[in-house]
Amino acid sequence: MTSILTNNGAMVALQTLSTINNDLTDTQNAISTGREINTAKDNSAIWSISKVMEADAASFEAVEDSLALGASTVGVAVAAVEQITDILNDIREKVVQATGENVDNDAIGDEITQLTSQITQIIDAAQFNGANILKSDTVDGTNTDLTVLSSVNRQAGGSGITVSNITVGAQDFTSFLDLAGIDVSSSSLAEQTLTTVVEDLLDTLTESGAELGAAASRIDGQMEFISKVKDATKEGIGALVDTDMEEASARLKALQTQQQLGVQALSIANSSPSTLQQLFR
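Asks: I tried to follow the overall build of the protein chain on my own but got confused; where do I start?
Replies: Helix and strand counts for the protein chain come out as six helices and four strands. Moving toward the C terminus, one meets the helices and strands of the protein chain in the order α-α-α-β-β-β-β-α-α-α. Relative to its length of 281 residues, the protein chain is extended, with a C-alpha radius of gyration of 38 Å against a globular reference of 19 Å. In the protein chain, the share of contacts with a sequence separation of at least 24, taken over all contacts with a separation of at least 6, comes to 74%.

Asks: Would you take a moment to explain the packing of helix H1 (residues 8-33) against helix H6 (residues 245-271) for this structure?
Replies: Geometry of a packed helix pair, given as the angle between the helix axes and the separation of the axes. The contact between H1 and H6 brings their axes to 8 Å, and the two run at 155°. If you check the angle between H1 and H6, you find them roughly antiparallel. For H1 against H6, the interelement crossing comes out left-handed. Looking at side-chain class alone, the contact of H1 with H6 contains 15 nonpolar, nine polar and two charged residues.

Asks: What am I meant to see in the nonpolar core here?
Replies: Looking at soluble globular proteins, one finds that nonpolar side chains tend to be buried together. In terms of nonpolar packing, the biggest core is built from 48 residues, with Ile91, Val95 and Leu134 touching the most fellow members. Ranked by residues supplied to this core, first place goes to helix H2 (residues 44-98) with 14 residues. When neighbours within four sequence positions are excluded, Val95 is seen to be in contact with Ile112, Ile182, Val184, Ala190, Thr193, Leu194 and Val198. Counting residues in hydrophobic clusters, the runner-up holds five residues, among them Ala10, Ala13, Leu17 and Ala269.

Asks: Looking at this structure, how should I read the environment of Leu202?
Replies: Relative to the helices and strands, Leu202 resides in helix H5 (residues 187-241). Relative accessible area serves as the criterion here: at 13%, Leu202 is assigned to the buried category.

Asks: Which parts of the structure should I look at to understand the pattern of salt bridges?
Replies: Between side chains of opposite charge, a pair can form when the charged atoms approach closely. Under the criterion given, the structure shown has 11 salt bridges. Among the ionic pairs, Glu224 bridges to Lys228, the shortest N-O distance being 3.5 Å. Of this pair, Glu224 and Lys228 are both found in helix H5, four residues apart, which corresponds to roughly one turn of the helix. Accessibility expressed as a relative area gives 48% for Glu224, which makes it partly exposed. The exposed category is assigned to Lys228, whose relative accessible area is 54%. A salt bridge links Arg251 to Glu247, with the shortest nitrogen-to-oxygen separation between them at 3.4 Å. Residue Arg251 and its partner Glu247 are located together in helix H6, separated by four residues, close to a single helical turn. In this structure Glu247 comes out as partly exposed when scored by relative accessible area, which is 48%. Three or more residues joined by partner-sharing salt bridges are found here, namely Arg35, Lys51 and Glu54.

Asks: I tried to follow the side chain of Gln171 on my own but got confused; where do I start?
Replies: Relative to the helices and strands, Gln171 resides in the loop between strand E4 (161-169) and helix H4 (173-176). What Gln171 contacts, discounting residues up to four positions off in sequence, is Ile133, Leu134, Ser136, Phe176, Ser208, Glu211 and Leu212.

Asks: What is the right way to look at the environment of Leu212 in this model?
Replies: The residue Leu212 is located in helix H5 in this model. Sequence-wise, Leu212 and Ala77 are 135 residues apart; in three dimensions their C-alpha atoms are separated by 7.5 Å.

Asks: Where do I start with the side chain of Thr233 in this structure?
Replies: Among the secondary structure elements, Thr233 is positioned in helix H5. From its side chain, Thr233 meets the backbone oxygen of Val229 in a polar contact 2.8 Å long. Apart from the residues within four sequence positions on either side, Thr233 is in contact with Met53, Ala57 and Phe60.

The rules behind the values
- Residues numbered from 1 in each chain as written.
- Predicted model: local features only at pLDDT ≥ 70, side-chain atom pairs only at ≥ 80, totals over all residues.
- Heavy atoms only, no water.
- Helix = DSSP H or I, 4+ residues; strand = E, 2+ residues; numbered from the N terminus.
- Rg over C-alpha atoms; globule rule 2.2 N^0.38 Å.
- Contact = heavy atoms within 4.5 Å.
- Axes fitted to C-alpha atoms, helices over the stretch in contact; angles between N-to-C directions.
- Parallel < 35°, antiparallel > 145°, perpendicular 65-115°, else oblique.
- Left-handed = near helix turned anticlockwise from the far one by under 90°.
- Nonpolar A, V, L, I, M, F, W, Y, C, P; charged D, E, K, R; others polar.
- Core = buried A, V, L, I, M, F, W, Y, C linked by side-chain atoms within 4.5 Å.
- Buried < 20%, exposed > 50% of the residue type's maximum accessible area, 1.4 Å probe, protein only.
- Salt bridge = Lys/Arg side-chain N within 4 Å of Asp/Glu carboxyl O.
- Polar contact = N/O pair within 3.5 Å; in protein donor to acceptor, adjacent residues only side chain to side chain.

Right, here's the structure in full:
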């Protein structure tokens, strides 16, 4: 039955066209924003996961900053230890020289004094952003360790996070390196200084340098790991919410064709009642 009051064909065509237009709008938004899932209504589960992962990615960037700061602080200390070791080897050479006969012990002593002053200056200058691992038994006047944020770990099930740290202890070279004990005023005292003072100082430096070097290596390794984890996290987020541009392009073409056909179908359905006029001629 054909009715001039109810056009079922037009209603079906209109609903179909409305659905096509909605899909076309979603596809255009996905292409323009580059994201398939922009809001929770697009896919609440995936949106929720992506937001948690985005927060984790931001946390990894903060960890990278902390590790970079820690690496710089420890790097300065390692460089200082290497320089102090070279100077202490020079002092050792002077002390060996002072153990001989017919040498100017006073002149050698003056040279050693200058070298020890240089070591003190290096220790004082071995700081980064106010943190000095070598100067005293504290890093910054308060903390005995340099604490470097190394990781942010999400607990199983996604509820709650924990943090991990790398700690580097203060070396206190001011106390450990007793440079005042170096005495070359005579050959016998110089010999005693060589065996009981200088060698101990070198051992102390070697141990501290190895400890700081290991910490620096660990920080560098963690920086590399966190960088890879951050990249993998961002890649995972992209896989969840980013638009597949090839697929979206094909879908856009198909929807545009469907839209044109839908408009034609609606036009045909709307013209159907006009054919009733022929019955009354």
